[in-house]
Amino acid sequence: MTAHDPEAMRRPNAPMTTYRYDEYDAAFVSERVAEFREQVRRRLSGALTEEEFRPFRLMNGLYLQLHAYMLRVAIPYGTLTARQMRRLADIAEKWDKGYGHFTTRQNLQYNWPKLVDTPDILESLADVEMHAIQTSGNCIRNVTADHFAGVAPDEIEDPRPTAEFLRQWSSLHSEFSFLPRKFKIAVTGAAHDRAAILVHDIGLRIVKNDTGEIGYQVVVGGGLGRSPFIGKVVGDFVPREDLLAFLEAILRVYNRFGRRDNKYKARVKILVHEKGIDEIRAAVEAEFAAMDRSAFAHDSEEFERIAAFFAPPPYDSLPATSASLRAAKLESPAFANFADVNVGAHKMPGYAIVTVSLKPIGGVPGDATSDQMRVLADASERFGFGELRVSHEQNIILPHVKQDDLLTLWRMLDAAGLATANAGLVSDIISCPGLDYCSLATARSIPIAQAISKRFSDMSRQRRIGKLGVKISGCINACGHHHVGAIGILGLEKKGQESYQITLGGDPTFSASIGEILGPGVTAEQVPDVVEHLVDYYLAEREEGEAFIDTWRRIGHARFKDVLRREGEDGADI
Ligand code: HEM
Ligand code: SF4
């Protein structure tokens, strides 16, 4: 990367809110588009079979699904500019079916692109400094981060400079382009984990040591999929100047010892599980000690150059609380609901973080239409320095909204069907595409999410229930994070029928746990009943201030199992 003044990269009237490509990045991405255009031409002419074409398309994020190709676009560390969001909207409208699907790894998926159009789509993305490289294959995937990065009051440091630093290190890393299996990294700099770092191949937590120096706690071997594991600490405090070398050492150990004989045992989580964390730590430390670290010497100038792109926007100096917000809440109960549920504290006085739910009652979790994407882009420009975030919960964040502007913003969102006040509540469901799209699916997941959401359509009931993560996957691959749902739902196939296995007690945060199976599978129709029974039991049992998971932890899994058994015996429809 060339050193340059980030100020020079600003466009008129567009505050800089994320990393900007330099000439090297831009030229590279354009060359990749031209290369792919030629590969697509050869496929369409029949010069390449689908099988021959497969590695080329996967290197560019293009999958083949049940009904069509699917293009997965990376949104590095979940940060988007208004211009990029608008472009995603335009692409969906011009070359897809007018919507996009935001995923749990800060990507956007187009479900219906035509092969012939994909080079144009990639060219259009390149024009706004986006691409689909390394969103597939056995390489280091899109590096994700806390979606409240840079604005959360509980943060030690914005994790995005680190994530961008790692993106540059991992992009086209020749030694790590053919790992035993895919590799996912997530970073958080906060006291509360919103990036699910413990269920990533590597999770990084920015920490301070006793002398106030910033470094990283490095966790390895977390993951979901068919064998879920919580990551284990491999480095307690890795100073920033050692970070790249330390990660390089982990990847080398994994690349060398990770199993290539069985793809189901190839993830680093299995290596950590089979060898034990002590042996892995020793191997990583030995590699770290032996390697020529001069090649990874920390370039603090480069880190600072990157960090400058994420400098705080020019906030106004405001009082900590807004009188107009208080008055607006009194006037409109619907707005008050939204402000209470979807609006979070900001590190700057007078500002707020707004979560825009992509989970309307009965909707498809994570989907946004082109029009909605444009409204979000407009809203971010009017009310938030033109910056947006994508959360792993499949929602959109407006990270810098003045409290005084919340009412106007809410009206704008409401008119676009984007004001569902359910962030973190029972209908804020994470769901993978399942059998409606995915060729690996064993059951549907979207209709299950829709049915649960409709069952709890009464928003005041949802608020009474409080925080509750329902997460649904359409097969054992666990793309919908069901293992870490307080209520997890896994769609399977049994004797030609869909069957749903329910798990309880999953948690993706620093107190991470994998859910425990509740009992035999149930049918699609029974799922909303089961969820409702569980919720009712929790409401009856909970103590002051307890979320669902707290009550489950306190009274234990067996009691929840019992209640379902009893309900079943009483002839309830479960
Ligand atoms: C539709 C095409 C998709 C295919 C073919 C696919 C395939 C897979 C496979 C095979 C795994 C298991 C990997 C392993 O354990 O080694 C996996 C995991 C995962 N996928 Fe997907 N996926 C798709 C879509 C999605 C979507 C839409 C999301 C987000 C909503 C997603 C997010 C994830 C996550 C979070 C995991 C688990 C984390 C981990 O890798 O341990 N995937 N995917
Ligand atoms: S969990 Fe299974 S069904 Fe769902 S997207 Fe992943 S691979 Fe497809």
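Residues numbered from 1 in each chain as written. Chains lettered and ligands numbered in written order. Predicted model: local features only at pLDDT ≥ 70, side-chain atom pairs only at ≥ 80, totals over all residues. Heavy atoms only, no water.

Named according to an unreviewed UniProt entry, the protein is Nitrite/sulfite reductase originating from Methylocystis hirsuta.

Side note on the side chain of Ser 453
Our working definition: A run of DSSP states H or I qualifies as a helix once it reaches four residues; a run of E qualifies as a strand once it reaches two. Both are numbered from the N-terminal end. Burial classes follow relative accessibility: with a 1.4 Å probe on protein chains only, a residue under 20% of its type's maximum area counts as buried, one over 50% as exposed, and anything between as partly exposed. Note on contacts: a residue pair qualifies if any of its non-hydrogen atoms lie within 4.5 Å across the two residues.
Within the secondary structure, Ser 453 is located in helix 14 (residues 446-455). Classification of Ser 453 as buried rests on a relative accessible area of 3%. If near-sequence neighbours (up to four positions away) are discounted, Ser 453 is found in contact with Pro 360, Ile 361, Gly 362, Ser 427 and Ile 429.

Quick word on the site of ligand 2
Applicable threshold: If a single non-hydrogen atom of a residue is within 4 Å of a molecule or strand, that residue counts as near it. Each residue is assigned to one of three groups, with Ala, Val, Leu, Ile, Met, Phe, Trp, Tyr, Cys and Pro labelled nonpolar, Asp, Glu, Lys and Arg labelled charged, and all others, Gly among them, labelled polar.
Around ligand 2, the surrounding shell consists of Cys 432, Pro 433, Gly 434, Cys 438, Leu 440, Ala 441, Gly 474, Cys 475, Asn 477, Ala 478 and Cys 479. Counted by class, the shell around ligand 2 contains 8 nonpolar, 3 polar and no charged residues.

Things to note about the site of ligand 1
Note the threshold: Polar contact is the term for a pair of N or O atoms within 3.5 Å; when the atoms are in protein, one must be able to donate a hydrogen and the other to accept it, and sequence-neighboring residues count only if both atoms are side-chain atoms.
In the vicinity of ligand 1 lie 23 residues, with Thr 104, Lys 184, Leu 224, Arg 267 and Cys 479 positioned nearest. Contact distances for ligand 1 include 2.7 Å between an oxygen atom and a side-chain N or O atom of Lys 184. Looking at the shell around ligand 1 residue by residue, the classes come out as 7 nonpolar, 9 polar and 7 charged.

Brief notes about the UniProt feature "domain: Nitrite/sulphite reductase 4Fe-4S" (unreviewed entry) in the protein
The condition that has to hold: UniProt positions are given in the numbering used here, feature names are shortened, and annotations may be inferred rather than shown by experiment.
The residues that UniProt annotates with the feature "domain: Nitrite/sulphite reductase 4Fe-4S" (unreviewed entry) are residues 136-288 and 427-565. Structurally, residues 136-288 is divided into 30% helix and 18% strand, and its ends, taken at the C-alpha atoms, are 28 Å apart. Counting secondary structure, residues 427-565 comes out at 35% helix and 17% strand; the distance between its end C-alpha atoms is 25 Å.

Here's the deal with unusual backbone geometry
Excluding glycine, residues mostly carry a negative phi; peptide bonds, for their part, are mostly trans. Of note, Glu 129 is a non-glycine position whose phi angle comes to about 60°, a positive value. Mapping Glu 129 onto the fold places it in the loop between helix 4 (118-127) and strand 6 (144-145). A positive phi angle, near 60°, is found at Gln 134, a position not held by glycine. Checked against the element boundaries, Gln 134 lands in the loop between helix 4 and strand 6.

Comments concerning the pattern of salt bridges
Put simply, the test is: Whenever Lys or Arg places a side-chain nitrogen within 4 Å of a carboxyl oxygen from Asp or Glu, that contact is recorded as a salt bridge.
Tallied over the full model, the rule gives 40 salt bridges. Between Glu 381 and Arg 86 there is a salt bridge, with the nearest N and O atoms lying 2.7 Å from each other. Separated by 295 residues along the polypeptide, Glu 381 in helix 12 (residues 370-383) and Arg 86 in helix 3 (residues 82-95) bring together distant segments of the chain. Of the charged contacts, one joins Asp 127 and Arg 87 as a salt bridge, the two residues approaching to 2.9 Å between their closest N and O atoms. Of this pair, Asp 127 sits in helix 4 while Arg 87 sits in helix 3, and the two are 40 residues apart along the sequence. Residue Asp 127 is classed as partly exposed on the basis of its relative accessible area, which comes to 42%. Given the relative accessible area of 19%, Arg 87 is considered buried. Through salt bridges with shared partners, one network takes in Asp 90, Glu 93, Asp 371 and Arg 374.

Topic: the coordination of the iron atom of ligand 1
The following threshold applies: Donor atoms are limited to N, O and S found within 2.8 Å of the metal ion, a distance that becomes 3.2 Å for Na, K and Ca. With water left out, some sites might look partial.
Just one protein atom donates to the iron atom of ligand 1; it is Cys 479 (SG), sitting 2.1 Å from the metal. When you line up the elements, Cys 479 lands in the loop between strand 17 (470-473) and strand 18 (487-494).

Considerations on the packing of aromatic side chains
Aromatic ring pairs are defined here through the distance separating the ring centres and the angle between the ring planes. Cut-off, in case you're wondering: Note on aromatic contacts: the rings of Phe and Tyr and the six-membered ring of Trp form a pair at centre separations within 6.5 Å, being stacked when their planes are under 30 degrees apart, edge-to-face when over 60 apart, and tilted otherwise. Only when the NZ of Lys or the CZ of Arg is both within 6 Å of the ring centre and within 35 degrees of the ring normal is a charge said to sit over the ring.
Here the structure, examined in full by the defined rule, presents 14 aromatic pairs. With a centroid separation of 5.5 Å and an interplanar angle of 40°, the aromatic rings of Phe 183 and Tyr 254 are classed as tilted. Of this pair, Phe 183 sits in the loop between helix 5 (160-170) and strand 7 (185-188) while Tyr 254 is found in helix 6 (residues 243-257), placing the two residues 71 residues apart along the sequence. The class for Phe 183 is buried, based on a relative accessible area of 0%. Classification of Tyr 254 by relative accessible area gives buried; the value is 0%. Each ring, one from Tyr 315 and one from Tyr 351, has its centre 4.8 Å from the other, and the planes form 65°; the classification is edge-to-face. Taken together, the residues Tyr 315 in the loop between helix 9 (300-309) and helix 10 (323-331) and Tyr 351 in strand 12 (residues 351-356) connect sequence positions 36 residues apart. Of the aromatic side chains, those joined through ring pairs into one cluster are Tyr 537, Tyr 538, Phe 548 and Phe 560. Between the NZ or CZ atom of Arg 205 and the centre of the ring of Phe 510, over which it lies, the distance is 3.8 Å. Its guanidinium or amino end placed over the ring of Tyr 264, Arg 226 lies 3.9 Å from that ring's centre, counting from NZ or CZ.

Overview of the side chain of Asn 255
Of note, Asn 255 is situated in helix 6. Accessibility expressed as a relative area gives 16% for Asn 255, which makes it buried. Apart from residues lying up to four places away in sequence, Asn 255 is in contact with Glu 175, Phe 176, Phe 178, Leu 179, Pro 180 and Arg 260.

Some details on the environment of Asp 236
Examined against the element boundaries, Asp 236 turns out to sit in strand 10 (residues 232-239). A relative accessible area of 58% means that Asp 236 is categorised as exposed. Taking C-alpha positions, Asp 236 is 4.8 Å from Gln 217, a pair spaced 19 residues apart along the chain. Discounting residues that sit within four places of it in the chain, Asp 236 has contacts with Val 207, Tyr 216 and Gln 217.

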